[in-house]
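Below, each chain spelled out in residue letters.
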Amino acid sequence: MALEANPNIFANNPLDRAGHFRTNPDWIAEKLADSASLAVPLWNLKPLVLPEEQPGAGKDVGWLPVNMVQAANPSGTTVFLGINRRGKPLFAHDVSSLKDPEGDGPFKGMGGFEDLRAVGMMGELPNTELAILAQAKAMIDWHARHGHCAVCGAQTEVAEAGYKRACPSCKAEHFPRTDPVVIMLATYGDKAFLGRQKIFPKGMYSAAAGFVEPGESIEEAVARELDEEAKIDVKSVRYHSTQPWPFPSSLMIGCIAEATSEDFEIDGIELSEGRWFTRDELAAALDGKADGFFVPPAFAIAHHLVKAFVEGW
Ligand SMILES: [Zn+2]
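Residues numbered from 1 in each chain as written. Predicted model: local features only at pLDDT ≥ 70, side-chain atom pairs only at ≥ 80, totals over all residues. Heavy atoms only, no water.

Draft legend 1. The domain arrangement of the protein chain, seen in detail. Each domain of the protein chain was delimited in the assignment, giving domain 1 (19-145), domain 2 (147-176) and domain 3 (179-310). Just the C-alpha atoms count here: the centres of domain 1 and domain 3 sit 33 Å apart. Contacts between the two partners involve 9 residues from domain 1, matched on the other side by 5 residues from domain 3. In this assembly, domain 1 packs against domain 3 so that about 680 Å² is buried in total across both faces, 75% of it on carbon and sulfur atoms. Put simply, domain 1 and domain 3 have 0 salt bridges between them. Viewed at the interface, domain 3 and domain 1 are joined by 1 residue pair in polar contact (both at pLDDT 80 or more). Broken down by secondary-structure element, the contributors of at least two residues to the side of domain 1 that touches domain 3 are helix H3 (116-122) and helix H4 (127-145). Here the element with the most residues in the side of domain 1 that touches domain 3 is H4; it accounts for 5 residues. Considered class by class, the residues forming the side of domain 1 that touches domain 3 number 4 nonpolar, 1 polar and 4 charged. (Domains from an automatic or database assignment. Contact = heavy atoms within 4.5 Å. Buried area = accessible area lost by both parts, 1.4 Å probe. Salt bridge = Lys/Arg side-chain N within 4 Å of Asp/Glu carboxyl O. Polar contact = N/O pair within 3.5 Å; in protein donor to acceptor, adjacent residues only side chain to side chain. Helix = DSSP H or I, 4+ residues; strand = E, 2+ residues; numbered from the N terminus. Nonpolar A, V, L, I, M, F, W, Y, C, P; charged D, E, K, R; others polar.)

Structure follows, in structure tokens:
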């Protein structure tokens, strides 16, 4: 059964993750030896991206035969991503120990290792490919940061096709992490609240956000963040959608919260300014026609929360 499409960039990953093969080392080894299997190399967490064949045609992900990619940097970590719609196994492989792989190395002349956030923002790759790259980047990043056991400090080893690191010393098992972040609009009648951080581009207002803390529900995190950042009191929280956000390993949980009044007071730390906007003002902002302010582009889940509010969600 196909899920309804999620509006967010980095969601809608089309791969069958085929988790049951992760614990089948013979199957993984067979696929790694098969040049029909594909891998995307990542260098310093940047995936290989192939240039446009024709202007305006869009770029492509550098999917190459997996054995060629592994041979380019045999000590790098390989992660099994899943099986694509054509039945091909896809992998990600870390080539960060190479000095200059696109200028003078094995990938010379093929394309460039590009920042995933920039590529996503520019809309230069299909959304389904961005979703696969989000998985690849988050996984390779996790391995790069978790080489040692958090229990005893010994060096850990890759297991289960990249979905586990095992400690040979104390036998602890470590699994890839995803950090939940709530991002929310507060609404009151026909208005929604957006704030500004000092680092935002001039004129941009966005949704408030913060990490979910241990022992906290999503609803409680939304209420706490709105209270901390803007002293906004809410009485109910609805979940809208989520966005995988591999910078490095977050899951943005988009919510819309109903406030008990229009009262607010900016904390001056996380937010430097805040305002209630009417539905009409926000509709104009989505069209790029608002007077004196703008909202984040469709690349950001905040945009889709504003859009949902404007559409009466
Ligand atoms: Zn250990």
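Draft legend 2. Geometry of the nonpolar core. One finds Phe 10, Val 40, Trp 63, Leu 81, Leu 185, Leu 194 and Leu 282 to be the most contacted residues of the largest nonpolar core, which totals 47 residues. The dominant element in this core, judged by the number of residues it contributes, is H4, at 7 residues. Two domains each donate at least three residues to this core, and these are domain 1 (19-145) and domain 3 (179-310). Counting residues in hydrophobic clusters, the runner-up holds 20 residues, among them Leu 32, Ala 39, Trp 43 and Val 66. (Core = buried A, V, L, I, M, F, W, Y, C linked by side-chain atoms within 4.5 Å. Buried < 20%, exposed > 50% of the residue type's maximum accessible area, 1.4 Å probe, protein only.)

Draft legend 3. Local environment of the sheet that holds strand E10 (residues 173-174). Spatially, 3 strands are ordered E8-E9-E10 in an open sheet, and the strand pairing comes out antiparallel. The outermost strands of the open sheet, each flanked by one partner alone, are strand E8 (157-159) and E10. Of the pairings in the sheet, the one linking strand E9 (residues 164-166) to E10 comprises 2 bridges and is antiparallel in character. Counterpart to Ala 166 in the pairing with E10 is Glu 173. Sitting on the sheet, H4 is in contact with E8, E9 and E10, with an inclination near 15 degrees to E9. (Pairing = 2+ DSSP bridges. Axes fitted to C-alpha atoms, helices over the stretch in contact; angles between N-to-C directions.)

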